[in-house]
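As a plain string of letters, each chain reads:
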Amino acid sequence: TKVAEWCKKNADKKIIVSGYADKATGNPRINMRYAQERVDKVVAALKAQGVDASQIEAKAYGDTAQPFADNDKNRCVIIVGK
């Protein structure tokens, strides 16, 4: 909700929605699917709250990038405003 509010207040800005999966479980194909599903759900929720699709850039990384040292924390979506 806070991200959607920010987007609506800053219509000239964009956000990057990045999805990840942990490397220790699954395989690269499955992990890419999980990361994409995470991204898709977040994007859908943002659009449902009135965020314009043109403000959203979405990317799934699967297990090719691991933003956190703790493996389990890599089952996530990170949103960055730009």
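See above for the structure.
Report on the accompanying structure. Not measured: the values here are computed from a predicted model.

Rules used in this analysis
- Residues numbered from 1 in each chain as written.
- Predicted model: local features only at pLDDT ≥ 70, side-chain atom pairs only at ≥ 80, totals over all residues.
- Heavy atoms only, no water.
- Helix = DSSP H or I, 4+ residues; strand = E, 2+ residues; numbered from the N terminus.
- Buried < 20%, exposed > 50% of the residue type's maximum accessible area, 1.4 Å probe, protein only.
- Contact = heavy atoms within 4.5 Å.
- Areas by Shrake-Rupley, 256 points an atom, 1.4 Å probe, with all protein chains shown as cover.
- Lys, Arg positive; Asp, Glu negative; His and termini not counted.
- Charge placed at Lys NZ, Arg CZ, Asp CG, Glu CD.
- Phe/Tyr/Trp six-rings, centres within 6.5 Å; stacked < 30°, edge-to-face > 60°.
- Pairing = 2+ DSSP bridges.
- Salt bridge = Lys/Arg side-chain N within 4 Å of Asp/Glu carboxyl O.

## A closer look at the overall build of the chain
Counting secondary structure elements, the chain contains two helices and three strands. In sequence order, the chain lays out its α and β elements as α-β-α-β-β. Counting all 82 residues of the chain, 27% fall into the buried class. Excluding contacts between residues fewer than 6 apart, the proportion of contacts in the chain whose partners are at least 24 apart in sequence is 76%. Summing over all exposed atoms, the chain offers an accessible surface of approximately 5,100 Å²; the carbon and sulfur share of this is 53%. On the chain, the mean spot of the 15 positive side-chain charges and the mean spot of the 10 negative ones are 1 Å from each other.

## Notes on the packing of aromatic side chains
For the coordinates displayed, the defined rule picks out one aromatic pair. Note on Tyr20 and Tyr61: the rings are 5.3 Å apart at their centroids and 10° apart in plane angle, and the pair reads as stacked. Placement of the pair is Tyr20 in strand 1 (residues 15-20) and Tyr61 in strand 2 (residues 56-62), with a sequence separation of 41 residues. Its relative accessible area of 10% is what places Tyr20 among the buried residues. The class of Tyr61 is partly exposed, set by a relative accessible area of 29%.

## With respect to the pairing of strand 2
Pairing between strand 1 and strand 2: six bridges, direction parallel. In the sheet register, Ile15 faces strand 2, and the bridge partner there is Ile56.

## Concerning the pattern of salt bridges
Side chains bearing opposite charge may pair, as long as their charged atoms lie close to each other. Using the criterion set out here, one finds four salt bridges in the structure. For Glu37, the salt bridge goes to Arg33, with nearest N and O atoms at 3.5 Å. A residue pair is termed a helical-turn pair when its members lie 3 or 4 positions apart in one helix, as Glu37 and Arg33 do in helix 2 (residues 28-48) at four residues. Judged by its relative accessible area of 35%, Glu37 is partly exposed. In this structure, Asp72 and Arg75 form a salt bridge, with 3.2 Å as the shortest nitrogen-oxygen distance.

## Observations regarding the environment of Leu46
Tracing the sequence through the fold places Leu46 in helix 2. Residue class for Leu46 comes out buried when judged on its relative accessible area of 6%. In this structure, the C-alpha to C-alpha distance between Leu46 and Glu5, residues 41 residues apart in sequence, is 9.4 Å. Sequence-distant contacts of Leu46, defined by excluding residues within four places in its chain, comprise Val3, Ala4, Ile15, Val17, Val51 and Ile56.

So, to be careful, I would describe these as geometric facts and stop short of saying anything about function.
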